[in-house]
Structures are given as structure tokens and as C-alpha cells.
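One letter stands for each residue in the lines below.
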Number of protein chains: 2
Amino acid sequence: MPNDVQVRVTFQPNGRSVYVLPGTKILEAAARAGLTLDTPCGGQGTCGKCRVQFTAGACPPRDTETRTFTPEQIDQGWRLACQTCICHEAVVHVPESSLFASQHQILTEAQTDQAADVLPAIHKHYVELPDPTLASDAADLERLAEHLHSPLRTDLSLLRELPGLLREGGFKGTAVLGDHQLVDFELGDTSRECYGVAFDIGTTTLVGSLLDLTDGRELAITSRMNPQVSFGDDVLSRIQHASESPRRRDELRAVVLQAIGEMIEELCRSASVHRNRIYEVALAGNTTMEHLLCGLDVTQLGQVPFVPVFARGLLFPAREVGLPIADRGSVYVFPVIGGFVGGDTVAGILATRLAESDGPTLMVDIGTNGEIVLAHDKKLWAASTAAGPAFEGARISCGMRATHGAIEKVVSNGEDLHLSVIGNAAPVGICGSGLIDLVAELLRAGAMTPEGRLLPPDELPASVPPAIARRAVGQGDGNTEFVLSEQCGTVREARVTITQRDLREMQLATGAIRAGITLLLKQANLRTGDLQRVLIAGGFGSFIRRSNAQRIGLLPTDIHRDRIHYVGNASLNGARWALVSTPARLRGEDAARRTTHVELSQDMDFQMEFAEAMIFPEA
Amino acid sequence: MPNDVQVRVTFQPNGRSVYVLPGTKILEAAARAGLTLDTPCGGQGTCGKCRVQFTAGACPPRDTETRTFTPEQIDQGWRLACQTCICHEAVVHVPESSLFASQHQILTEAQTDQAADVLPAIHKHYVELPDPTLASDAADLERLAEHLHSPLRTDLSLLRELPGLLREGGFKGTAVLGDHQLVDFELGDTSRECYGVAFDIGTTTLVGSLLDLTDGRELAITSRMNPQVSFGDDVLSRIQHASESPRRRDELRAVVLQAIGEMIEELCRSASVHRNRIYEVALAGNTTMEHLLCGLDVTQLGQVPFVPVFARGLLFPAREVGLPIADRGSVYVFPVIGGFVGGDTVAGILATRLAESDGPTLMVDIGTNGEIVLAHDKKLWAASTAAGPAFEGARISCGMRATHGAIEKVVSNGEDLHLSVIGNAAPVGICGSGLIDLVAELLRAGAMTPEGRLLPPDELPASVPPAIARRAVGQGDGNTEFVLSEQCGTVREARVTITQRDLREMQLATGAIRAGITLLLKQANLRTGDLQRVLIAGGFGSFIRRSNAQRIGLLPTDIHRDRIHYVGNASLNGARWALVSTPARLRGEDAARRTTHVELSQDMDFQMEFAEAMIFPEA
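Quantities reported herein were computed from a predicted structural model and do not represent experimental measurements.

Here we take up the overall build of chain A. Each helix and strand in chain A was counted, giving 17 helices and 26 strands. Rg of the C-alpha trace for chain A: 26 Å, near the compact-globule value of 25 Å for 619 residues, within the 12% margin. Viewed in the frame of its principal axes, chain A has a C-alpha envelope of about 100 × 65 × 45 Å. Put simply, chain A has 619 residues, and 62% of those count as buried. Expressed as a percentage of contacts within chain A between residues at least 6 apart in sequence, the contacts between residues at least 24 apart total 66%. Accessible surface for chain A amounts to roughly 23,100 Å². Of this, 50% is attributable to carbon and sulfur atoms.

This is the structure:
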């Protein structure tokens with residue numbers, strides 16, 4: 001990854017900030033801030049839907065934009081999010097009309113509820129207690145409890161400090177409370193400073209969001225690679241590693257907790273919040289990720305029947321895992337549904353209100369561990385499927401995450417392939433969305449068979465345009481390599497190609513998800529055509545093109561595009577919600593217990609479906 | 001203290017064991033085991049009430065006993081507890097008819113209730129869980145919770161071990177449960193091995209009792225000096241020491257916790273119980289003792305208005321204070337009533353069922369910190385009074401605890417004083433009960449004025465018998481010393497005398513308690529004559545003679561002796577009860593909240609009453 005200095009972009013009216021590399025499109029920066037913009041033209045700059053306005057730090061317009069806006073509008077800072085890049089620190093206003101409809105619908109729904117529903121587990125009260133006298137000589141803790149009209153428990157460490165704190169502050173100060181528990185007592189009125197951090201702990205990517213617990217606002221967001229990838233890029237290899245010895249298990253726990261701790265510190269810096277004012281961290285991850293970060297034994301997750309250690313959500317002191325927050329802060333770990341279907345899925349169900357869906361609704365969370373949930377007739381079924389990390393750019397020879405230099409889009413103009421590179425840079429690799437595009441274009445051009453075989457130059461049909469045909473290069477072993485970009489000599493620019501082996505990985509990933517969808521529908525006696533809505537989740541989900549996802553068979557083809565909605569990082573959204581609302585947290589716990597876990601891996605039908613789904617659909 | 005090897009005495013039918021020095025009277029050994037025997041003759045061996053039967057380890061009879069029993073009875077092991085000493089390991093059967101009536105009434109009442117009421121916070125269940133299968137793949141913790149029909153929380157450390165434990169035991173084992181909390185999971189069926197320890201944490205003396213939590217039986221008991229005495233012998237000097245710096249506060253905490261830990265280990269050894277099978281410790285002490293052992297700031301207890309840090313009982317993990325019990329065992333600290341009236345008083349109220357008394361009832365706990373509770377008309381008032389450690393033998397020139405070599409009884413036969421020494425040894429000092437006897441006899445003989453002045457030889461009235469008169473020795477400073485025993489040359493035998501200063505200490509101690517009683521009665525508009533019952537508590541209380549306590553004014557004189565009852569170590573009994581019964585614990589918490597704390601030290605009436613109570617009553 002390049003080491004460039006990142007710049008800050010703040011989005012209005014919600015006030016979220018993210019740090020991005022200069023050259024990042026506003027569209028991508030907005031997505032990182034949890035805002036999915038409407039781009040029906042696929043980001044070509046032709047529909048003019050994704051208009052946003054710089055209120056500070058505007059960058060020069062591109063040709064597509066001068067065609068869309070009047071010179072006055074350009075001067076006022078109006079741009080197309082899919083065209084203009086961030087060059088330096090900026091503030092960008094996003095009109096509600098530019099938000100993607102489904103997000104507008106689902107996330108705003110959630111956010112409106114959130115505002116009405118800000119009832120976090122942790123809250124603060126500034127108190128002014130009467131001084132003790134002979135006539136009023138109640139114990140310190142009781143004096144506070146009486147004032148708050150609530151019995152209070154607390155731990156010995158705070159009880160040891162309380163008399164000194166009360167007297168230093170003249171019996172005035174701020175009580176930090178959580179469920180009849182006195183979490184802390186702070187000098188002065190700190191009641192406005194009450195924060196929490198929500199995390200999506202992915203197999204490949206970690207995303208953290210700093211929230212103001214007094215009003216539910218998000219103050220900062222950050223993401224990074226899960227450092228456990230160096231011990232294996234999917235959950236099974238991590239389970240294998242951790243099962244070898246308690247020391248190795250500790251190693252996996254330590255690296256991810258260190259990263260989480262660093263992300264918390266980073267969030268605190270960017271929002272100027274002191275880490276001692278963070279009282280709770282909510283973590284949503286798949287079963288394996290949650291077990292590993294708690295330091296739990298995962299041996300039994302590596303063997304049939306794949307039994308987790310816990311199912312209900314866990315709440316424990318943050319110091320037990322050493323996170324850099326308030327001394328007596330706590331950690332909430334999302335409940336597990338069963339097997340490999342974990343807390344990230346529960347968070348997704350919570351964020352999308354899937355449990356309250358009207359018609360048959362499918363949620364697909366496309367990640368290294370793919371999760372599929374079907375809601376129908378007040379019932380919920382969930383399954384996980386080992387898609388592997390291909391969609392996140394791993395196990396692909398030139399694969400990479402969706403960062404600077406990644407080919408994120410591949411479009412055919414009928415003559416050749418046109419590549420979009422993140423940061424408008426020279427390409428250094430290809431990310432998941434680019435891979436989906438490429439596979440779709442290869443199928444359309446006829447340069448690849450539905451069985452996934454890249455045709456050698458001499459077998460290419462005449463219909464393949466010459467420029468595309470020239471990209472197919474035969475290898476000595478009979479396989480073919482497809483060249484996206486040739487190296488031109490600089491260090492940062494690489495030769496980006498796709499091999500037959502890469503395409504096999506894509507087939508496996510696509511087939512696993514597709515077969516999972518089919519099997520889950522079978523459980524409810526439904527066919528794909530019955531689905532009212534398909535929700536695509538995952539940070540990644542915001543960037544893939546629906547038509548191409550259907551073309552390669554990742555999503556069912558007999559569903560109209562209008563029924564397919566991107567819901568962004570639903571896991572993170574659910575974690576955010578559970579952090580600011582105890583009722584929402586309880587709804588999540590309830591949904592987890594109500595959801596039937598479907599174990600696919602041992603199902604003979606699944607093996608059949610999987611084999612079938614590996615074949616890409618005919619045009 | 002002598003370093004002799006102690007021997008074990010086991011009392012039947014209750015099975016309690018204590019360790020005593022050879023030469024200890026059965027009466028004393030029984031008292032240490034919590035059994036107060038009936039001795040209307042004052043332990044002279046004349047009434048024959050305290051009869052007991054050796055079933056093993058009988059010692060030779062004394063003359064008084066051969067007069068009381070037939071030769072057959074002597075052969076069968078019958079003895080008088082007030083006459084025969086323990087010479088080696090023994091088992092002694094105590095008939096119910098030999099128990100002191102009030103104890104019989106009060107303690108047996110409590111014990112009967114206990115038996116019906118054994119509902120400890122901690123309990124165990126042996127479980128045999130079905131093996132997980134693909135069709136039954138619930139998480140480990142849920143599998144256990146479902147089997148126990150109870151949701152279970154647990155901490156991360158156990159969650160980390162649980163999968164291994166379940167699989168090692170073939171999904172069979174013993175769950176240790178406490179309030180929906182999984183405290184531990186043990187291999188095999190250990191459901192019979194469930195123990196707790198109750199402690200009375202006195203300013204001067206620590207007493208611990210090991211209980212079987214499955215049936216409430218006591219398995220062993222032990223006591224030792226509170227090692228904090230080296231930092232000051234009353235609560236105020238300890239508060240002063242602890243307030244000097246956090247390091248000194250830690251020092252006081254560390255010494256008492258180390259002693260408690262050693263006593264737990266000693267109890268485990270004597271009852272052959274593994275410390276990992278002890279899951280809870282209940283601690284009852286006065287406010288200062290409880291604060292110090294929790295490591296709490298006591299600065300504000302040293303200043304008007306004497307505010308404690310906590311009032312409701314505390315429950316925290318034993319590892320927070322480092323006690324040697326099960327890893328996830330817990331500590332319960334009794335609630336505080338207010339000021340210096342702490343958990344030992346609450347425990348006493350619980351043990352004596354004072355809150356449910358019919359007529360006006362007074363409980364007096366005679367210790368370094370004297371506590372007085374009055375129950376009348378469903379109301380409770382409590383006060384503490386700084387009696388000082390004189391009754392426990394401290395601050396007295398030849399004072400000592402009631403151990404080997406202590407003069408524990410002083411009786412006049414009209415000609416001279418007769419001394420009873422613990423262990424029938426040569427006297428090395430005098431303990432509290434001996435001091436009360438001595439003061440009463442000095443008053444009766446006319447060798448001391450009601451104002452507490454020891455008369456010099458030349459002022460002694462003619463009525464003082466010559467042998468007693470010879471014991472009064474004038475000092476150069478005009479004061480008089482009273483000689484109880486002259487040194488005869490051996491190392492173990494000392495010259496035991498009482499000085500004018502010693503008598504002033506006794507006046508202060510007696511006056512403090514007496515004034516407290518008067519003030520508390522005033523609160524309820526009662527006079528001493530209205531009292532239906534006076535309960536004398538304290539391990540010490542079992543040995544003082546009621547008539548002498550009344551003679552010196554420690555107890556009101558206008559109450560018939562029959563209304564005065566010894567209730568033994570009520571604080572320890574209450575701690576025992578709270579350990580084996582959650583309902584009893586809640587009754588204690590309730591009583592603590594219902595009791596009105598009366599702060600005597602700042603009351604001008606108290607100062608007047610105190611000055612008056614310092615004068616010993618006229619004959």
C-alpha cells in the first residue's frame with residue numbers, strides 16, 4: 001500500500017469525516033463515510049444524479065462536469081461525485097436527492113429511528129449533591145444513588161477513588177451510568193462527552209466508527225486490513241492456525257486487538273475526543289472473528305458440527321481485552337446465530353430491519369465469509385458460505401483491495417476494455433468490483449467459456465474485437481493469460497493480468513454464494529422470482545455493478561434490477577445502532593435467537609448446487 | 001503467645017472441630033466451636049449442668065466430677081465441661097440439655113431455620129449434556145443453559161476454557177452457578193463439594209468458619225489476632241494511619257487480607273477441603289474494618305460527620321482482593337448501617353432476629369468497637385461507642401487475650417481472691433472477663449472507690465480481708481498497684497498486677513458502653529426496666545459473668561439476670577447465615593436500610609452520660 005498522506009473530507013449535513021488519499025473520487029470517499037450516492041449511469045458522468053457541492057476545498061471540474069453544470073454552479077462548488085477527485089482537505093455537501101434511493105430509504109429510516117431511539121447503555125448525569133452533615137451522613141455511594149433515584153453497584157477500583165473525587169469536586173461532578181452500574185465519576189460537567197465505537201470485524205477488513213452517544217451522530221470513521229490475514233486469508237486457515245496451540249490462538253487475538261486499539265486511537269485523534277471518554281465498544285464480526293478476538297477456543301469450529309462457544313451477546317470489561325478506552329468501559333460482542341453465521345449477520349439483520357420485512361427478502365453480505373439471510377413470513381433462515389477472499393482482491397494473482405491504484409471498473413466500448421483506476425493513477429492491481437466487471441465483459445465478448453475457460457488466441461471467435469483479442473496471451477502450459485495493463489517501467493505501475501487460476505477463484509466465490517442463495521430459498525419453498533427485494537451488503541457492495549453481478553451469476557438473473565438494493569456496510573450500521581440504542585441491541589439479540597441456522601457445508605444438495613453454480617450463466 | 005502444638009477437638013452431634021492447646025477446658029473449647037454450655041454455678045463444678053461425654057480421647061476426671069458421676073458414667077466418658085481439660089485429640093458429645101438455654105433458644109432457632117433455608121447464592125449441578133450433532137449444533141454455553149433452563153452469563157476466562165472442559169469430560173460435568181452466572185465448570189460430579197467461609201473481622205480478633213454450602217454444616221472454625229493491631233489498637237488509630245498515605249492504606253489492607261487468606265488455608269487443611277472448592281467468602285466487620293480490607297479511603301471516616309464510602313453490601317470477585325479460593329469465587333461484604341456501625345452489627349441483627357423482636361430488646365456487642373442496637377415496635381436504632389480494647393486485654397499493663405496463661409476468672413471466697421487461669425497454667429496476664437471480675441470484687445471488698453480510685457494500704461477500710469489488703473501496694477507517686485500474682489522465677493510465669501491507669505481504661509470502656517445504652521433507650525423513650533431482653537454478643541460475651549458485669553455498671557442493674565442472654569459471636573453467626581442463605585442475606589440488607597444510625601460522639605447528652613457512667617455503681 002502506498003504511504004501517501006491522507007486528507008480529510010467532511011460530508012454535510014451529517015458531519016461525517018473520512019481520510020482518503022488525494023485522487024480518491026468523491027463517490028468513493030462518500031461511500032467510506034457510509035453515504036451511497038445514486039449513480040444509475042454507472043459512474044460515467046452522464047446522468048448527473050450524483051451532484052454534490054464543495055463548501056470548502058473544491059477541486060477543478062472535469063469536462064463531463066462543465067457540460068452538466070452552468071459556470072455559476074461550478075463556481076458555487078457543484079460537481080459530480082463520480083467524476084471529481086479530492087485533491088486536498090475539503091467539505092462536501094450531499095443533497096438528499098443525490099443519495100441512492102434504497103439507502104435513502106433504508107438507512108434514513110434507520111437513522112430517523114435512531115434519533116428517536118438514542119437510548120444507549122451508557123449515559124451521563126451531572127449532579128450537585130448536598131454536602132454531608134451529621135443530620136445527613138449517608139455513605140458516599142448512597143448519597144449519589146439517592147440523588148439519581150437508582151440503586152448503584154460499582155467495582156472496588158472506583159469505590160476506592162469515589163470519596164476523593166466527591167470531595168475534590170465539592171460533591172459536584174458527572175456520574176457515568178450503565179444499567180444500575182456506576183461506571184465512573186468525573187470532575188466537572190462532562191455530560192456532553194460520552195462516546196462509543198462501533199466495529200465491523202471482517203475476515204479481511206476492519207471498519208470502525210466513532211459515535212457520540214448523546215445524540216447518535218457519527219464523528220469519524222476509519223478502516224484497515226485485518227492484520228490476521230498474515231495467518232491465512234479465510235476463516236478456516238485462521239481456525240487451523242489458532243487450533244495448533246494456545247500461543248498461536250493468543251497471537252491471532254493480539255494482532256486484531258492491537259489493530260482495533262490503534263483504530264480507536266486514530267478515531268479519537270481525528271475527532272479530537274479523549275479515549276477516556278469512550279465508554280463502550282460494540283463489535284460485530286463473523287463467528288470466527290468474534291471468537292478469535294475474545295481469545296476463545298476455535299478448535300471445535302474447525303470440526304463437524306462446527307459448534308461456537310457462545311450464542312447470546314457478550315458484555316465484558318474492556319480491560320479484559322486491553323482496549324484503550326475508559327478504565328471501566330465495556331465491550332459488547334454481537335450474538336452468534338450458529339456455525340459460521342455470526343454477529344455481523346445479526347448486525348445486518350438489525351440494520352436492514354430484515355426481521356420486519358413484508359415480502360420475501362434476501363440479504364447477501366458479500367465478503368470473504370459470505371452470509372445469506374432469507375426473511376419470509378416472519379421467519380428467518382441464515383447460512384454462511386465460504387466465498388473466499390477473491391471479492392476482496394486476495395488469492396488473485398494481481399488482486400488488491402479497493403485502494404489507490406486498483407482497477408475498480410472495467411467497461412467495454414465494443415472495441416476494447418476501458419479501465420478505471422482508483423485515484424486516476426497508473427494501475428497496480430485489480431479489486432473485487434473490477435474482477436466482476438472483467439468476468440462479465442469476458443463472457444460478453446466470448447473470450448471465456450461459461451465453464452470459465454479463457455480461450456487461447458487461436459480459439460477466440462471472430463466476434464472478439466481485435467484489441468481485446470490481443471490481450472489474450474497463450475502460456476506454455478496450454479493456459480491463457482489475459483493482460484489488462486502492461487508494465488511501463490515505473491515502480492508504482494505494474495503489469496496487471498488475470499490468469500486461468502484467478503478465474504477459477506472467481507468461479508468458486510461466485511458459485512458458493514449462488515448455491516447458498518438457492519439452498520436457502522429451498523428451505524422456504526421459494527424461487528428466485530418470488531423475492532420482493534434483494535439487499536446487497538458489505539462495504540464492497542456499494543461498488544459492484546448489479547448487471548455485471550447478474551451476468552456472472554453472483555445474483556439471480558430473474559430479478560429485476562429495481563428489486564436489488566445496496567445497503568452499504570450493514571454490519572457496521574447494525575453495530576452503530578446497537579451502540580446508541582439498548583432497545584435496538586435487544587432486538588438484535590431477539591433476531592439472533594429467532595433465526596434458523598442452515599448448515600450448508602455438510603448438505604449433499606449444496607455440493608450439487610455448488611457444482612452447478614460454478615458454471616457461469618449463458619448470455 | 002506460647003508456641004505449643006494445638007490438638008483437635010470435635011464436638012458431636014454438630015461435627016464442629018476446633019484446635020486448642022492441651023490444658024484448655026472443654027467449656028472454652030466448646031465456646032470456640034460456637035457452643036455455649038449452661039453453667040449456672042459459674043463454672044465451679046457444683047451444679048452439674050454442663051455435662052458432656054467423651055466418645056474418644058477422654059481425660060482423667062477431677063474430684064468434682066467423681067462426686068457428680070457414678071464410676072460407670074466416668075468410664076463411659078461423662079465429664080463436666082467446666083472442670084475437665086482437653087489433654088489430646090478428642091471427640092466430645094454435647095447433649096442438648098447441656099447447652100445454655102438462650103443459645104439453645106436463639107442459635108438453634110437460627111440453625112433450624114438455616115437447615116430449612118439452605119439457599120446459598122452458589123450452588124452446583126451435575127449435568128450430562130447430549131453431544132452436539134449437525135441437527136443439534138447449539139453453542140457450548142447455550143447447550144448448558146438450555147439444560148439448566150436458565151440463561152447463563154459468564155466471564156471471558158471461563159468461556160476460554162469451556163469448550164475444552166466440555167469435550168474433555170464428554171459433555172458431562174458439574175456446573176457451578178450463582179445468580180444466572182456460570183462460575184465454573186468442573187470435570188466429573190463435584191456437586192457435593194461446595195464450600196464457603198464466613199468471617200467476623202473484629203478490630204482485635206478475626207474468626208473464620210468453613211461451611212458446607214450444600215447443607216449449611218460448619219466443618220471447621222479458627223481465630224487469630226487481627227494483625228492490624230500493630231498499626232494501632234482501635235479503629236481511630238488505624239484510620240489515622242491509613243489516612244497518611246495510599247501506601248499505608250495498602251499496608252493495612254495487605255496484612256488483614258494475608259491473615260484472612262492464611263485462615264482460609266488453615267480451615268481447608270483441617271477439614272480436608274480444597275481451596276478451589278470454596279466459591280464464596282462472607283465478611284462481617286465494623287465500618288472501618290470493612291473499608292480497610294476493601295482498600296477503601298477511610299480519611300472521611302476520621303472526620304465529622306464520619307461518612308462511609310458504601311452502605312449496601314458489596315459483592316465482588318475474590319481475585320480483586322487476592323483471596324485463595326476458586327478462581328471465579330466471590331466476596332460478599334456486609335452492608336454498613338452508618339458511621340462506625342457496620343456489617344458486624346448487621347450480621348448480629350440477622351443472627352439474633354432482632355428486627356423481629358416482640359418486646360423492647362437490646363443487643364450489646366462488646367468489643368474494641370462496642371455496638372449497641374435497640375429494637376422496639378418494629379423500629380431499630382444502632383450506635384457505636386469507642387469502648388477501646390480493654391475488654392480484649394489490650395491497653396492494660398498486664399492485659400492479654402483469653403488464651404493460655406490468662407487469668408480469666410477472679411473469685412473472692414471472703415478471705416482472698418482465687419484466680420482461674422486458662423490451661424490451669426501459671427498466670428502470665430489477665431483477660432477481659434478476669435478484669436470485669438476483679439473490678440467487681442475490688443468494689444465489693446471496698447478496696448476501690450466508685451470513682452475508680454484504688455485505695456492505698458493506709459486508707460483501706462477495716463472490712464477488707466487481710467489477704468486482699470496485702471495485695472494493695474502503694475507506689476511512690478501516690479497511686480496504688482494491686483497485685484494478682486507475684487513472679488516466681490520461671491520464664492512463663494509473670495508478675496500480674498493492675499495499676500490505677502488500668503482501672504481508668506476499664507472505667508472508660510464500661511462508661512462508653514453504658515452511656516451508649518442510656519442514649520439509645522432515650523431515642524425510643526424507654527428506660528432500662530422496660531427491656532424485655534438484653535442480648536450480649538461477642539466471642540468474649542460467652543465468658544463474662546452477668547452479675548459482675550452488672551456490678552461494674554457495664555449492664556443496667558435493674559434488669560433481672562434471666563433477661564440477659566449470651567448469644568455468642570452473633571456477628572460470625574450472621575455471616576454464616578448470609579453465606580448459606582440468599583433470603584437471609586436479603587433480610588440483612590433490608591435490616592441495614594431500616595436501622596436508624598445514632599451518632600453518639602457529637603451528642604452533648606452523650607458526653608454528660610459518659611461522664612456519669614464512668615462512676616461505678618454503688619453496691
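Now that the structure is up, let's keep going.
Once chain B is rotated about the relating axis by 180° and shifted along it by 0.0 Å, it coincides with chain A to within an RMSD of 0.1 Å. The operation mapping one copy onto its partner corresponds to a two-fold rotation axis. Comparing interface residues between copies, 100% of those in chain B also sit at the interface in chain A, which points to an isologous, same-surface contact.

Let's shift gears to the sheet that holds strand β8 (residues 181-186) of chain B. All names here are of chain B. One open sheet accounts for 3 strands, arranged β6-β7-β8; its pairing is antiparallel. Looking at which strands have only one partner, the edges of the open sheet turn out to be β6 (122-128) and β8. Looking at each pair of strands side by side, their axes are set apart by 25° on average, direction ignored. Two elements, β6 and strand β7 (residues 172-178), share 7 bridges in a ladder whose sense is antiparallel. Looking across to β7, one finds that K124 is bridged to V176.

This part covers the packing of aromatic side chains. Geometry of an aromatic ring pair is reported as the spacing of the ring centres plus the angle between the planes. In total, this model carries 6 aromatic pairs over all chains according to the counting rule given. Where F306 of chain B meets F340 of chain B, the ring centres are 5.5 Å apart and the plane angle is 50°; that geometry is what we call tilted. On the criterion of sequence distance, the pair formed by F306 of chain B in the loop between α9 (287-294) and β13 (314-317) and F340 of chain B in the loop between β14 (330-333) and α10 (343-352) is long-range, its members being 34 residues apart. Among the residues examined, F306 of chain B registers a relative accessible area of 8% and is labelled buried. The interplanar angle of 20° and the centroid separation of 5.7 Å between the aromatic rings of F606 of chain B and F610 of chain B together place this pair among those described as stacked. With a gap of 4 residues between them, F606 of chain B and F610 of chain B both fall in helix α17 (residues 604-613), about one helical turn apart. The residue whose ring lies beneath R585 of chain A is Y332 of chain A, and the NZ or CZ to ring-centre distance is 4.2 Å. For the cation-ring pair, R587 of chain A lies above W577 of chain A, with the distance from its terminal atom to the ring centre recorded as 5.4 Å.

Taken as a whole, this structure holds 2 disulfides over all chains when the rule is applied. You can see C82 of chain A has no disulfide; the closest cysteine sulfur is in C50 of chain A, sitting 3.7 Å from it. Using a relative accessible area of 2% as the deciding quantity, one classes C82 of chain A as buried. Distance from the sulfur of C431 of chain B, which forms no disulfide, to the nearest cysteine sulfur (C398 of chain B) is 13 Å. Classification of C431 of chain B as buried rests on a relative accessible area of 3%.

This paragraph deals with the pattern of salt bridges. Residue and element names in this part refer to chain A. On inspection of all chains with the given rule, the structure shows 60 salt bridges over all chains. Taking the shortest distance from any N to any O, the salt bridge between E265 and R275 comes out at 2.7 Å. In this pair, E265 is assigned in helix α8 (residues 246-271) and R275 in the loop between α8 and β12 (278-285), connecting sequence segments 10 residues apart. When its relative accessible area of 30% is taken as the criterion, E265 is described as partly exposed.

Residue and element names in this part refer to chain B. Inspection of the secondary structure assignment puts H180 in the loop between β7 and β8. H180 sits in the partly exposed class, given a relative accessible area of 45%. Once the C-alpha coordinates of H180 and C59 are considered, the two residues, 121 residues apart in sequence, prove to be 52 Å apart. If near-sequence neighbours (up to four positions away) are discounted, H180 is found in contact with S150, P151, L152 and R153.

A few words on the pairing of strand β18 (residues 406-412) of chain B. Residues and elements named next belong to chain B. Burial of β18 is extensive: 5 of the 7 residues sit out of reach of the surface. Note that β18 and strand β20 (residues 429-430) share 2 bridges and pair parallel. When the sheet's bridge partners are listed, I407 is paired in β20 with I430. Pairing between β18 and strand β19 (residues 417-421): 5 bridges, direction antiparallel. Across the sheet, I407 pairs through a bridge with V421, a residue of β19. Hairpin geometry of β18 and β19 is characterised by an intervening segment of 4 residues between the two adjacent antiparallel strands and by a positive phi of about 95° at G414.

It is worth spelling out the interface of chain B and chain A at this point. The interface is formed by 38 residues belonging to chain B together with 38 residues belonging to chain A. The contact between chain B and chain A buries some 3,300 Å² in all, and 64% of this surface belongs to carbon and sulfur atoms. The interface formed by chain B and chain A contains 2 salt bridges. With a closest N to O distance of 3.4 Å, E142 of chain A and R312 of chain B form a salt bridge. Those elements giving two or more residues to the side of chain B that touches chain A turn out to be α5 (140-147), α6 (156-168), α8 (246-271) and β13 of chain B. Among the elements that take part in the side of chain B that touches chain A, α6 of chain B stands out by supplying 6 residues, more than any other. Tallied by class, residues from the side of chain B that touches chain A come to 21 nonpolar, 6 polar and 11 charged.

Okay, helix α10 (residues 343-352) of chain A next. Residues and elements named next belong to chain A. Of all the 10 residues making up α10, 10 are buried; the element is thus mostly covered by neighbouring parts of the structure. Those residues of α10 that sit buried are G343, D344, T345, V346, A347, G348, I349, L350, A351 and T352. Looking one or two places after α10, you find R353, whose phi comes out positive at around 55°.

As for its placement among the helices and strands, A284 of chain B is situated in strand β12 (residues 278-285). Every residue in contact with A284 of chain B, bar those within four places of it in the chain, is listed here: F199, D200, I201, E290, F334, G343, D344, A347, S571 and A575 of chain B.

Residues and elements named next belong to chain B. Relative to the 18 Å expected for 13 residues at 1.5 Å per residue, α6 spans 19 Å between its end C-alpha atoms, a close match to the ideal helical length. The largest bend in α6 comes to about 40°, at L162, with the proline P163 one to four residues further on. Considered for burial, the residues of α6 that qualify are L156, L158, L159, L162, P163, L165 and L166. One or two steps after α6, the chain reaches G170, where phi turns positive at roughly 60°.

The next point concerns the packing of α10 of chain B against helix α16 (residues 582-594) of chain B. Residues and elements named next belong to chain B. Two elements in contact, α10 and α16, have axes separated by 9 Å at closest approach and are oriented at 120°. Between α10 and α16, the interaxial angle falls into the category oblique. The chirality of how α10 crosses α16 is right-handed. On the side of α10, the interface is formed by V346, I349 and L350, while α16 contributes A584, R587, G588, A591 and A592. Of the residues contributing to the contact of α10 with α16, the split by class is 6 nonpolar, 1 polar and 1 charged.

Further remarks concern the sheet that holds strand β9 (residues 195-201) of chain B. Residues and elements named next belong to chain B. Taken in spatial order, the 6 strands of this open sheet run β11-β10-β9-β12-β14-β13, and their pairing is mixed. The open sheet terminates on both sides in strands that have one partner only, identified here as β11 (218-225) and β13. Adjacent strand axes in the sheet meet at a mean angle of 15° when their direction is disregarded. One ladder, built from 4 bridges, connects β12 with β14; its direction is parallel. Looking at the pairing, L283 lines up with V333 of β14. Sheet strands in contact with α9 are β9, β12, β13 and β14, and its direction is about 140° off that of β12.

Turning next to the environment of Y279 of chain A. Residue and element names in this part refer to chain A. With respect to the helices and strands, Y279 occurs in strand β12. Discounting chain neighbours no more than four positions away, the residues touching Y279 are I122, K124, V176, V183, E186, E193, C194, Y195, I325, A326, G329 and S330. Of note is the side chain of Y279, whose polar atom sits 2.4 Å from the side chain of E186.

A separate point is the packing of α8 of chain B against α9 of chain B. Residues and elements named next belong to chain B. Running from amino to carboxyl end, α8 crosses α9 at an angle of 95°, the nearest separation of the two axes being 7 Å. Here α9 runs roughly perpendicular to α8, going by the angle between their axes. Taking contact as the criterion, the partners of L252, R253, V256, L257 and I260 in α8 are, on α9, L292, L293 and C294. Grouping the constituent residues of the contact of α8 with α9 by class yields 7 nonpolar, no polar and 1 charged.

How each quantity is defined
Residues numbered from 1 in each chain as written. Chains lettered and ligands numbered in written order. Predicted model: local features only at pLDDT ≥ 70, side-chain atom pairs only at ≥ 80, totals over all residues. Heavy atoms only, no water. Helix = DSSP H or I, 4+ residues; strand = E, 2+ residues; numbered from the N terminus. Rg over C-alpha atoms; globule rule 2.2 N^0.38 Å. Buried < 20%, exposed > 50% of the residue type's maximum accessible area, 1.4 Å probe, protein only. Contact = heavy atoms within 4.5 Å. Areas by Shrake-Rupley, 256 points an atom, 1.4 Å probe, with all protein chains shown as cover. Least-squares fit on C-alpha atoms with pLDDT ≥ 70 in both. Pairing = 2+ DSSP bridges. Axes fitted to C-alpha atoms, helices over the stretch in contact; angles between N-to-C directions. Phe/Tyr/Trp six-rings, centres within 6.5 Å; stacked < 30°, edge-to-face > 60°. Lys NZ or Arg CZ within 6 Å of the ring centre and 35° of its normal. Disulfide = S-S within 2.5 Å. Salt bridge = Lys/Arg side-chain N within 4 Å of Asp/Glu carboxyl O. Buried area = accessible area lost by both parts, 1.4 Å probe. Nonpolar A, V, L, I, M, F, W, Y, C, P; charged D, E, K, R; others polar. Expected span 1.5 Å × (residues − 1). Bend = angle between axes of the 7 residues up to and from the residue. Parallel < 35°, antiparallel > 145°, perpendicular 65-115°, else oblique. Left-handed = near helix turned anticlockwise from the far one by under 90°. Polar contact = N/O pair within 3.5 Å; in protein donor to acceptor, adjacent residues only side chain to side chain.

Honestly, that's just the spatial picture; any functional story needs more than this.
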